[in-house]
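# Structural overview
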Amino acid sequence: MIMDELWKDKIFWTQEKCRKEVEPEKSDSDFGQTINIKEIRVPDSQTTGLEDEEVDKLSEGKPEEVDAFKSIENKVIGLYFAADWCIPCQEFTCLLKQTYEELKERVSPFEIVFVSFDKKIDDMKTFFSEKHGDWLSVPYKDPLVDVLKSKYEIKAIPKLIIIKDNGTIITEKGRKDIQDKGIICFRGWLQKANLSATNHLKKL
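What comes next concerns the included structure. (Residues numbered from 1 in each chain as written. Predicted model: local features only at pLDDT ≥ 70, side-chain atom pairs only at ≥ 80, totals over all residues. Heavy atoms only, no water.)

### Observations regarding the packing of aromatic side chains
- On inspection of all chains with the given rule, the structure shows 10 aromatic pairs.
- A centroid spacing of 6.4 Å and a plane angle of 45° characterise the contact between Tyr 80 and Phe 114, whose relative ring orientation is tilted. In this pair, Tyr 80 is assigned in strand β3 (residues 76–82) and Phe 114 in strand β4 (residues 110–116), connecting sequence segments 34 residues apart. Across the pair, exposure class does not vary: Tyr 80 and Phe 114 are buried alike.
- Judged by relative accessible area, Phe 114 falls into the buried class, the value being 0%.
- Put simply, the rings of Tyr 80, Phe 92, Phe 114, Phe 127 and Phe 128 pair up and form one aromatic cluster.
- Its end group placed over the ring of Phe 92, Arg 175 keeps NZ or CZ at 5.8 Å from the ring centre. (Phe/Tyr/Trp six-rings, centres within 6.5 Å; stacked < 30°, edge-to-face > 60°. Helix = DSSP H or I, 4+ residues; strand = E, 2+ residues; numbered from the N terminus. Buried < 20%, exposed > 50% of the residue type's maximum accessible area, 1.4 Å probe, protein only. Lys NZ or Arg CZ within 6 Å of the ring centre and 35° of its normal.)

Have a look at this one:
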């Protein structure tokens, strides 16, 4: 499948969308009380969650969404496959967030797109809105999630696949690159992406 066609007519969720939707409605009796969101862990093979129709209703008419291809065009993209129930994911997400923020401070042409392995939409939204960097996410249960998992043969998480905007793989070892080299690894990714960004290279 040509990736330009894959992104066509697709949208990504932003953190703002998920932040608003995970905030519980409070009655007068709830005022001043802390509401804890229970962490739910399920086997990798188990698939649960809201029905497609319910998910569609949640995403209708929301302004906290962006055009998929326009948001990643001419950038190095990190497809981040992870889930809240995965302890290594929670640990790496913190490091990835720091790296992302440092690269954004340098105005680097880099974007991350979260692809969730969470089994419930509430778990995904809480994880994304509270623990991730200010990047993007494929909507929960969108068919694109399964397409990306299959295309890049994701067998274990956390997994960070670095790609061009046309879907070509730059490296399948994004996680290891960041753990070993920090933001310096972006220099190699940018060169392989063949983007005209000499100024960005000088900043790293």
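Past the structure itself, the notes keep going.
### Structural notes on the pattern of salt bridges
- For the structure shown, the criterion picks out 4 salt bridges.
- As a salt-bridge pair, Asp 84 and Lys 131 come within 3.2 Å of each other at their nearest N and O atoms. Of the two residues, Asp 84 is situated in the loop between β3 and α5 (87–105) and Lys 131 in helix α6 (residues 121–131); the sequence distance between them amounts to 47 residues.
- Under the relative-accessibility criterion, Asp 84 is labelled buried at 9%.
- Where Glu 111 meets Lys 104, a salt bridge forms, and the shortest distance between an N and an O atom there is 3.8 Å.
- By relative accessible area, Glu 111 is classed as buried at 7%. (Salt bridge = Lys/Arg side-chain N within 4 Å of Asp/Glu carboxyl O.)

### Some details on a negative patch on the surface
- Where like charges cluster on the molecular surface, the negative patch consists of Glu 101, Glu 102, Glu 105 and Asp 134.
- Relative accessible area serves as the criterion here: at 55%, Asp 134 is assigned to the exposed category. (Patch = residues over 30% accessible without salt bridge, like charges linked within 9 Å, V, L, I, M, F, W, Y side chains within 5 Å. Areas by Shrake-Rupley, 256 points an atom, 1.4 Å probe, with all protein chains shown as cover. Lys, Arg positive; Asp, Glu negative; His and termini not counted. Charge placed at Lys NZ, Arg CZ, Asp CG, Glu CD.)

### As for the sheet that holds β3
- In space, the 7 strands of this open sheet follow the order β2-β1-β5-β4-β3-β6-β7, with mixed pairing throughout. Because the sheet does not close on itself, it has two edges, and the strands there are β2 (65–67) and β7 (169–171).
- Relative to strand β6 (residues 159–163), β3 is paired through 5 bridges, and the arrangement is antiparallel. In the sheet register, Tyr 80 faces β6, and the bridge partner there is Leu 160.
- In this fold α6 packs onto β1 (11–14), β3, β4 and β5 (136–137), with an angle of close to 65° to the strand it touches most, β1. (Pairing = 2+ DSSP bridges. Contact = heavy atoms within 4.5 Å. Axes fitted to C-alpha atoms, helices over the stretch in contact; angles between N-to-C directions.)

### Focus on helix α9 (residues 185–193)
- Looking only at α9, the buried set comprises Cys 185, Phe 186, Trp 189, Leu 190 and Ala 193. Seen along its axis, α9 keeps its buried residues to an arc of 130°; they face one direction. In α9, the exposed positions that point more than 90 degrees away from the buried face belong to Gln 191 and Lys 192.
- A positive phi of about 60° marks Asn 194, the residue just after α9. (Arc of directions from axis to C-beta.)

### As for the environment of Phe 81
- Looking at the secondary structure, you find Phe 81 in strand β3.
- Considered as a pair, Phe 81 and Phe 117 are 36 residues apart in the sequence and their alpha carbons are 6.8 Å apart.
- Excluding anything up to four places from it in sequence, Phe 81 contacts Val 115, Phe 117, Leu 148, Lys 149, Tyr 152, Ile 154, Ile 157, Pro 158, Lys 159 and Ile 161.

### Here we look at the environment of Glu 64
- Note on placement: Glu 64 falls in the loop between α3 (52–59) and β2.
- You can call Glu 64 buried: its relative accessible area is 9%.
- Considered as a pair, Glu 64 and Phe 12 are 52 residues apart in the sequence and their alpha carbons are 8.9 Å apart.
- Ignoring sequence-local partners within four residues, the contact set of Glu 64 consists of Phe 12, Trp 13, Thr 14, Glu 16, Lys 17 and Lys 20.

Read these as geometric descriptors, not functional statements.
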